[in-house]
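Architecture and fold: a report
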Amino acid sequence: MVIIVMGVCGSGKSTVGSFLAEKLGCSCFDADDFHPKANVEKMARGGPLNDEDREPWLVRLNEKIAQCSVGGTSAVLACSALKESYRDILSKDIKDLSFV
């Protein structure tokens, strides 16, 4: 099972996610660590990301979730996932996934 702890910036996703993963005895991942280099550079310049920027990041996260799911590995992912369209990409072809 993969659990996505979602919320706005600064809401404690990483803190709650880490605590939850520790209690469940599984890995915790921070979605920010999966941004493509171009996104990191854009944000470093103070530029906001748009949906087009986020799409490869969300696909990469979906691949990580699928890797855990197929491998039978539980994990927690801290990710904003604020838009329904983002959650659709994250959950594509994933059976055992929960959003918190």
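As the structure is a prediction and not an experimental result, all values here were calculated from the model.

Here is what the cut-offs are and how they apply
- Residues numbered from 1 in each chain as written.
- Predicted model: local features only at pLDDT ≥ 70, side-chain atom pairs only at ≥ 80, totals over all residues.
- Heavy atoms only, no water.
- Helix = DSSP H or I, 4+ residues; strand = E, 2+ residues; numbered from the N terminus.
- Rg over C-alpha atoms; globule rule 2.2 N^0.38 Å.
- Buried < 20%, exposed > 50% of the residue type's maximum accessible area, 1.4 Å probe, protein only.
- Contact = heavy atoms within 4.5 Å.
- Lys, Arg positive; Asp, Glu negative; His and termini not counted.
- Charge placed at Lys NZ, Arg CZ, Asp CG, Glu CD.
- Phe/Tyr/Trp six-rings, centres within 6.5 Å; stacked < 30°, edge-to-face > 60°.
- Axes fitted to C-alpha atoms, helices over the stretch in contact; angles between N-to-C directions.
- Left-handed = near helix turned anticlockwise from the far one by under 90°.
- Nonpolar A, V, L, I, M, F, W, Y, C, P; charged D, E, K, R; others polar.
- pLDDT = per-residue confidence, 0-100.
- Salt bridge = Lys/Arg side-chain N within 4 Å of Asp/Glu carboxyl O.
- Polar contact = N/O pair within 3.5 Å; in protein donor to acceptor, adjacent residues only side chain to side chain.
- Pairing = 2+ DSSP bridges.

With that settled, the discussion passes to the overall build of the protein. Of regular secondary structure, the protein possesses four helices and four strands. Computed over its C-alpha atoms, the radius of gyration of the protein comes to 13 Å, within 12% of the 13 Å expected for a compact globule of 100 residues. On the principal axes, the C-alpha backbone points of the protein span a range of 35 × 25 × 20 Å. Looking at the 100 residues of the protein, the share that counts as buried comes to 32%. Intrachain contacts of the protein at a sequence separation of at least 6 include 69% that bridge at least 24 residues. The protein carries 12 positive and 14 negative side-chain charges, and their two centres are separated by 2 Å.

This paragraph deals with the packing of aromatic side chains. This structure, assessed with the given rule, holds one aromatic pair. Residues F29 and F34 carry aromatic rings whose centres are separated by 6.3 Å and whose planes lie at 75 degrees to one another, so their mutual orientation is edge-to-face.

What follows is about the packing of helix α3 (residues 51-70) against helix α4 (residues 84-91). Interhelical geometry of α3 versus α4 gives an angle of 35 degrees and a closest axis separation of 7 Å. Classified by chirality, the crossing of α4 by α3 is right-handed. Contacts between α3 and α4 involve D51, R54, E55, L58, V59, L61, N62 and I65 on the former and, on the latter, Y86, I89, L90 and S91. Its residues assigned to classes, the contact of α3 with α4 comprises seven nonpolar, two polar and three charged.

All right, on to the confidence of the model for the protein then. In this model, the protein carries a mean pLDDT of 96, and residues with pLDDT of at least 70 account for 100%. The least confident element of the protein is α3, whose mean pLDDT is 95; the most confident is strand β3 (residues 75-78), at 98.

Below, the discussion takes up the side chain of K13. With respect to the helices and strands, the residue K13 is situated in helix α1 (residues 13-24). One buried charge, K13, has no salt-bridge partner; the nearest side chain with opposite charge is D32, at 6.7 Å. Within the structure, the side chain of K13 is placed 3.0 Å from the backbone oxygen of V8, a separation counted as a polar contact. Filtering out sequence-adjacent residues up to four positions away, K13 remains in contact with V5, M6, G7, V8, A78, C79 and S80.

Turning our attention to the pairing of strand β1 (residues 2-5). Judged by which residues are buried, β1 turns out to be covered on both faces: V2 and I4 on one side and I3 and V5 on the other are all buried. Pairing between β1 and β3: four bridges, direction parallel. Of the residues in β3, the one forming a bridge with V5 is A78. Note that β1 and strand β4 (residues 97-99) share three bridges and pair parallel. Following the sheet pairing, V2 is matched in β4 by L97.

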